[in-house]
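Summary of structural features
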Amino acid sequence: MTGIIGTWEMSAQGVEKGMALLSGGASAGDAVETAIRDVEENPAFSSVGYGGLPAMDGQVYLDAGWMDGNSLRCGAVVSARGILHPVSLARGLCGRETNWMLAGEGAEAEARQRGLAMRDMRTPEAVEKWKETLHRQCAGMGDRVYRGHDTVCVIARDAKGRMVVGTSTSGLFMKQPGRVGDTPVVGSGFYCDASVGAAAATGLGEDIMRGVLSFACVQYMRSGLSPMEACRSVIRTLQETKDRLGEGQGSFSVIAMDAQGCFGAATSETDFPYVIGQNGSIQVCHAAWDRQ
Ligand code: ASP
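This text gives an overview of the structure that appears in the document.

Rules behind the numbers
Per chain, the residues get numbers from 1 upward, laid out in the order the sequence is written. Local features in this predicted model are restricted to residues of pLDDT 70 or higher, and side-chain atom pairs are both shown and tallied only at a pLDDT of 80 or more, whereas totals for entire chains, interfaces and linings draw on every residue. To obtain the side-chain values, all non-hydrogen atoms of the structure were used and water was disregarded. Paired strands, as defined in this entry, are two strands with at least two bridges between them according to DSSP. Numbering goes from the N terminus for both helices and strands, where a helix is a DSSP run of H or I of at least four residues and a strand is a run of E of at least two. Interaxial angle, 0 to 180 degrees, is taken between N-to-C directions of lines fitted to C-alpha atoms, where a helix line uses only the stretch in contact. When checking whether two residues touch, look at their non-hydrogen atoms; a contact exists if any pair is within 4.5 Å. Among the buried residues, those of types Ala, Val, Leu, Ile, Met, Phe, Trp, Tyr and Cys that are joined through side-chain atoms within 4.5 Å form a nonpolar core. When accessible area is computed with a 1.4 Å probe and restricted to protein chains, residues below 20% of their type maximum are described as buried, those above 50% as exposed, and intermediate ones as partly exposed. One heavy atom within 4 Å of a molecule or strand is enough for the residue carrying it to be called near that molecule or strand. Definition of a polar contact: a pair of N or O atoms within 3.5 Å, with one able to donate and the other able to accept a hydrogen when the atoms are protein atoms, and with sequence-neighbouring residues admitted only if both atoms are side-chain atoms. For each structure, a 1 Å grid was placed over the protein atoms alone; sets of points admitting a 1.4 Å probe that cannot get out are labelled cavities, open sets with protein on both sides within 12 Å along at least five of seven lines are labelled pockets, and lining residues have an atom within 4 Å of a point. Molecules are considered to sit inside a cavity or pocket once more than half of their atoms lie within 2 Å of its grid points. Grid points are joined across faces, edges and corners, and a volume is the space filled by probe spheres set on the points. Ten residue types, Ala, Val, Leu, Ile, Met, Phe, Trp, Tyr, Cys and Pro, are classed as nonpolar, four, Asp, Glu, Lys and Arg, as charged, and the remainder, Gly among them, as polar. The criterion for an aromatic pair is that two Phe, Tyr or Trp rings (for Trp, the six-membered ring) have centres within 6.5 Å, with stacked assigned to planes under 30 degrees apart, edge-to-face to planes over 60 apart and tilted to the rest. A ring is considered to have a charge above it if a Lys NZ or an Arg CZ atom is located within 6 Å of its centre and within 35 degrees of its normal.

What follows concerns the sheet that holds strand β6 (residues 163-169). If you trace the eight strands from one edge of the open sheet to the other, you get β4-β3-β2-β6-β5-β1-β11-β12, paired in mixed fashion. Whereas interior strands pair on both sides, the edge strands pair on one side only; in this sheet they are β4 (101-103) and β12 (281-287). On average, each strand axis in the sheet is tilted by 10° relative to the strand beside it, whichever way the strands run. As paired elements, strand β3 (residues 73-80) and β4 share three bridges and run parallel to each other. Its bridge partner lying in β4, V78 is registered against A103. Packed on one face of the sheet, helix α3 (residues 86-93) meets β2 (62-68), β3, β4 and β6 and runs near 140° to β3. Strands in contact with helix α4 (residues 104-113) are β3 and β4; relative to β4, the strand with the most contacts, it is inclined by about 110°.

In structure tokens, the structure reads:
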């Protein structure tokens, strides 16, 4: 059974394109890359790719991750600028023995060498929002650190049973240049083992990394939990840890799919939309924080 799942409503159009590819016999890798590229190149989405909101210094730094569940190899792009489709570079790096995670200038040079599209990722709207926020911060009107700066994560399974996960984000708005979240970090932002399933996370990377959420979710599936139960378990466990430490409600969500094509999702938020594509139609579903 083929299937595809993506985080947030912004992935709907890409998931639809990915699903059409899968129905036509394309690989899980092509479906995931197509779905994520659709979000990366759309300036309407202010948390991924072109149009992503800048860091403190006004630059847009991009993170992306990729894992092939059949070879268990990964690719990742960390804190890179000017690459229109960081997910394509992450995919291109997957399969190497070494040098599969490239940061900053190294990633940018590799993208140029591969002939990938390069561009200034800052839209006028993003620059305007950055200036306004900088002004507010200088005036002492501090904002919350995390403002729901979402990542696009997509998991697909194709007709041959191959599974792939990919992720892409511009990270937190007004982050410190050089800050890296969970998105390009295998195990935290994404994990895929085609014999079991895959998971990917979105939300505050600093918390997601503490829970190593995606690997934990796949391990729960390995031990027999359904994707839905596995997602709920990792979210509940991480929130319980935060409760024990007196840290308040977190902002993190996870999606998953198992090797049979069943889906799962859970969140610590009051609402987390995700999109599933199966049997020729896509559906926007919603998860909500549930202590049970
Ligand atoms: N996880 C991303 C990060 O921490 C942001 C997000 O998904 O909202 O960079």
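Read on, since the account is not over.
With that out of the way, let us pick up the nonpolar core. I4, I255 and Y274 are the most contacted members of the largest nonpolar core, which totals 71 residues. Element by element, the count of residues in this core is highest for helix α2 (residues 28-40), at six residues. Once residues within four sequence positions are removed from consideration, Y274 is found in contact with I5, G6, W8, M228, I255, A265, Q283, V284, C285, H286 and A287.

Another aspect to go through is the site of the ligand. In the vicinity of the ligand there are twelve residues, among which H149, T151, R179, D182 and G203 approach most closely. R179 is positioned with one of its side-chain polar atoms (N or O) 2.7 Å from an oxygen atom of the ligand. One of the side-chain nitrogen or oxygen atoms of T202 is found 2.8 Å away from an oxygen atom of the ligand. Its atoms largely coinciding with the cavity grid, the ligand occupies the largest cavity.

Moving on, we get to empty space enclosed by the protein. Applying the stated criterion across every chain, the model contains one cavity of 30 Å³ or more. There is about 70 Å³ of room inside the largest cavity. D63, H149, T151, T169, G171, L172, R179, G181, D182, T183, G203 and G205 together form the lining of the largest cavity. Of the residues in the lining of the largest cavity, the class split is one nonpolar, eight polar and three charged.

The subject of this paragraph is the environment of R157. Position of R157 relative to the elements: it lies in strand β5 (residues 152-157). Considering only alpha carbons, one finds R157 and L22, 135 residues apart in sequence, at a separation of 8.2 Å. Contacts of R157, omitting those with residues within four sequence positions, involve M1, T2, G3, L22, A28, R162, M163, M257, D258, A259, Q260 and G261. One polar contact links the side chain of R157 to the main-chain carbonyl oxygen of A259, over a distance of 2.6 Å.

Another point: the sheet that holds strand β8 (residues 197-203). Taking strand neighbours across the sheet as the criterion, the four strands line up as β7-β8-β9-β10 in an open arrangement whose pairing is antiparallel. Single-partner strands in this sheet number two, and they are β7 (190-193) and β10 (263-267). Averaged over all neighbouring strand pairs, the angle between strand axes comes to 10°, with direction disregarded. Relative to strand β9 (residues 252-258), β8 is paired through seven bridges, and the arrangement is antiparallel. Residue pairing for β9: A200 is matched across the bridge by I255. Packed on one face of the sheet, helix α7 (residues 213-222) meets β7, β8 and β9 and runs near 145° to β8. Across the sheet, helix α8 (residues 227-244) lies against β9 and β10, angled at about 155° from β9, the strand it touches most.

So, about the pairing of β12. For a regular strand, side chains alternate in direction, first toward one face of the sheet and then toward the other. Bridge count between strand β11 (residues 272-278) and β12: seven bridges; the pairing is antiparallel. By the bridge assignment, Y274 is partnered in β12 with C285. Between β11 and the antiparallel strand that follows it, β12, lie two residues; N279 among them carries a positive phi value of about 55°.

To continue, consider the packing of aromatic side chains. Evaluation of the coordinates by the stated rule reveals three aromatic pairs. With a centroid separation of 4.9 Å and 80° between ring planes, the pair formed by Y191 and F215 is classed as edge-to-face. One end of the pair, Y191, is in strand β7; the other, F215, is in helix α7, and 24 residues separate them in sequence. A centroid spacing of 6.0 Å and a plane angle of 25° characterise the contact between F272 and Y274, whose relative ring orientation is stacked. F272 sits in the buried class, given a relative accessible area of 0%. For Y274, a relative accessible area of 8% corresponds to the buried category. Connected via pairs of aromatic rings, a cluster forms that spans W8, F272 and Y274. The ring of Y50 carries R119 above its face, with NZ or CZ at 3.8 Å from the centroid.

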